[in-house]
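The lines below spell out each chain.
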Amino acid sequence: SAKQNGKNRFARFTSGNTQKITELYNILQRLPDGIANCEFSMNYQPIIHARTGKLVAIEALIRWHNKDLGWIPPDKFIHIAEAHGKITQVQYCMLNCVCQDLQEIKLKLPQTDCPIRTAINLSGSQIADIEHLNQYLSTLENQGLSPTEITLEITENMLVGDAKEIVEYLNELIHRGYAIALDDFGTGYSSLSYLARIPISTVKLDKSFIDPIENNKAQMSLVSGVLQLAHSLGLKVVAEGVEHASQRNLLIDMGCDYIQGYLIAKPMAPEELIKWISLQNE
Ligand code: C2E
Ligand code: MG
Ligand code: MG
Ligand code: MG
């Protein structure tokens, strides 16, 4: 009966919610220790030139392993860290890992095989506080990294606040040698005019934007249009989440510059990445 259904729905709703609250509680409770013990590590995913297949960059993606909770994916804890004032510390742990890993990668690979840039994901609160971001980037530079080897990934929902101030600051960062990428394009309220207004070097088309291109002519036109617009603005385009050769071939035909996805490689620990790069260049 309807009443029965209603009851079931309610039961499902509460149990789902309880699970979410338990998860939130577990993560919140362990986050301070996670930070203090630096339980974080980084994986690196290659970004290749679409036509030649040559490695151009890697994206640093955070991983958290806790002895009680096991592996916790970033989609589960980053927003919690943001909401509870812990993201700055997480981002500093991440930065330390990236600096150490890049040192090792540079030590073990000939310079010609090293990726040109490493992309790191910024958090919304970092963009909102320019003074803090400046301090963060000083830390990065003091640890021996050069702005010319870093891409800062931002998303459009980070660009609320004082747009004019942020635009000025992003211009300054580009002047200092950083590359700026607009991440997850096609997921938010992406207005195309955004691409013209904010100073970026690269647009990253989200997986959900790429996925339907194979079976959906309209989506293909949309991606093709974004590619043309981006190129006319002097921007490069990365397609994210490319899993099939057929998608890659379509993207190459449409003139997409760079590709990132499981088809090429999954995110890897530094040692694995070094092996992967060495094999590519054999
Ligand atoms: P993102 O920056 O858009 O990163 C791309 C995500 O897509 C990564 O998930 C990557 O593993 C996944 N991916 C790449 N290729 C494929 C594919 O072919 N198929 C599928 N199914 N997935 C693919 P991940 O590592 O779980 O990260 C999720 C999100 O968490 C990131 O999305 C980013 O927004 C955030 N994140 C990751 N690391 C950091 C970090 O150090 N700091 C901050 N603030 N956020 C981070
Ligand atoms: Mg990213
Ligand atoms: Mg992305
Ligand atoms: Mg994404």
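This one's a predicted model, so the numbers in the text were calculated from it and none came from an experiment.

### Considerations on the overall build of the chain
Check the secondary structure of the chain and you find 11 helices and 9 strands. Considering the chain as a whole, with its 282 residues, one finds that 45% of them fall into the buried category. The long-range share in the chain, meaning contacts at least 24 apart out of those at least 6 apart in sequence, stands at 66%. Working note: accessible area of the chain is about 14,800 Å², and carbon and sulfur atoms make up 52% of it.

### Details of the pairing of strand β1 (residues 40–49)
In terms of residue burial, β1 counts as a mostly covered element, since 8 of its 10 residues are buried. Taken together, the 9 bridges between β1 and strand β2 (residues 55–66) define a ladder with antiparallel strand orientation. Paired with N43 across the two strands is L61, which belongs to β2. Turn length for the β1-β2 hairpin, with the two strands adjacent in sequence and antiparallel, is 5 residues, and the turn residue G53 shows positive phi of about 75°. Note: β1 against strand β9 (residues 258–259), 2 bridges, orientation antiparallel. In the strand pairing of β9, H49 is matched with Y258.

### Quick notes on the site of ligand 1
Taken together, 25 residues lie near ligand 1, and R63, Q91, D183, E243 and Y262 sit nearest. Here R63 contributes a side-chain N or O atom positioned 2.9 Å from an oxygen atom of ligand 1. The protein chains hide 83% of the 810 Å² of surface that ligand 1 would expose on its own. Counting residues per element, the ones that place at least two in the shell around ligand 1 are β1, β2, α2 (74–83), α3 (87–108) and β6 (179–185). Among the elements that make up the shell around ligand 1, the one with the highest residue count is β2 (4 residues). A class-by-class count of the residues in the shell around ligand 1 yields 10 nonpolar, 6 polar and 9 charged.

### Some words on the nonpolar core
With 79 residues, the main nonpolar core has F40, I120, L137, L152, I154, L205 and L251 as its most contacted residues. With 10 residues, the single largest contributor to this core is α3. Every residue in contact with I120, bar those within four places of it in the chain, is listed here: A60, M94, L95, V98, Y136, L140, I150, T151, L152 and E153. Of all hydrophobic cores here, the second largest spans 5 residues; its members include I47, V56, V238 and Y258.

### Some thoughts on the coordination of the magnesium ion (ligand 2)
Each protein donor to the magnesium ion (ligand 2) is listed here as E59 (OE), N121 (OD1), E153 (OE) and D183 (OD); together their distances run 2.0 to 2.3 Å. We note that the donor set of the magnesium ion (ligand 2) lies within a single chain, spaced as E-x61-N-x31-E-x29-D. Since its relative accessible area comes to 2%, E153 is described here as buried.

### Overview of the side chain of T118
Checked against the element boundaries, T118 lands in strand β4 (residues 117–121). Residue classification places T118 among the buried residues on the basis of a relative accessible area of 3%. With near-sequence residues (within four places) excluded, T118 lies in contact with Y44, I58, A60, V98, L102, E149, I150 and T151.

### Some thoughts on the coordination of the magnesium ion (ligand 3)
Within the protein, the atoms that donate to the magnesium ion (ligand 3) are D183 (OD), D184 (OD), E240 (OE) and E240 (OE), at distances of 2.1 to 2.4 Å. Residue class for D184 comes out partly exposed when judged on its relative accessible area of 27%. Overall, E240 belongs to the buried group, its relative accessible area being 11%.

### Section: the packing of aromatic side chains
By the definition in use, this model includes 5 aromatic pairs. Between the aromatic rings of F40 and W64, the centroid separation amounts to 5.5 Å while the plane-to-plane angle is 40°, which identifies the pairing as tilted. Of this pair, F40 sits in strand β1 while W64 sits in strand β2; the two residues are 24 residues apart in sequence, bridging distant segments of the chain. When sorted by exposure, F40 lands in the same class as W64, which is buried. Seen in terms of ring centroids, F185 and F209 are 6.3 Å apart; in terms of plane orientation they differ by 85°. Their pairing is edge-to-face. In this pair, F185 sits in strand β6 while F209 sits in helix α8 (residues 207–210), placing the two residues 24 residues apart along the sequence. Neither F185 nor F209 differs from the other in exposure class; each is buried. Members of the aromatic cluster, joined through ring pairs, are F40, W64 and F77.

Rules used throughout
Residues numbered from 1 in each chain as written. Chains lettered and ligands numbered in written order. Predicted model: local features only at pLDDT ≥ 70, side-chain atom pairs only at ≥ 80, totals over all residues. Heavy atoms only, no water. Helix = DSSP H or I, 4+ residues; strand = E, 2+ residues; numbered from the N terminus. Buried < 20%, exposed > 50% of the residue type's maximum accessible area, 1.4 Å probe, protein only. Contact = heavy atoms within 4.5 Å. Areas by Shrake-Rupley, 256 points an atom, 1.4 Å probe, with all protein chains shown as cover. Pairing = 2+ DSSP bridges. Near = heavy atom within 4 Å. Polar contact = N/O pair within 3.5 Å; in protein donor to acceptor, adjacent residues only side chain to side chain. Nonpolar A, V, L, I, M, F, W, Y, C, P; charged D, E, K, R; others polar. Core = buried A, V, L, I, M, F, W, Y, C linked by side-chain atoms within 4.5 Å. Donors = N, O, S within 2.8 Å, 3.2 Å for Na, K, Ca; no water. Phe/Tyr/Trp six-rings, centres within 6.5 Å; stacked < 30°, edge-to-face > 60°.

So, to be careful, I would describe these as geometric facts and stop short of saying anything about function.
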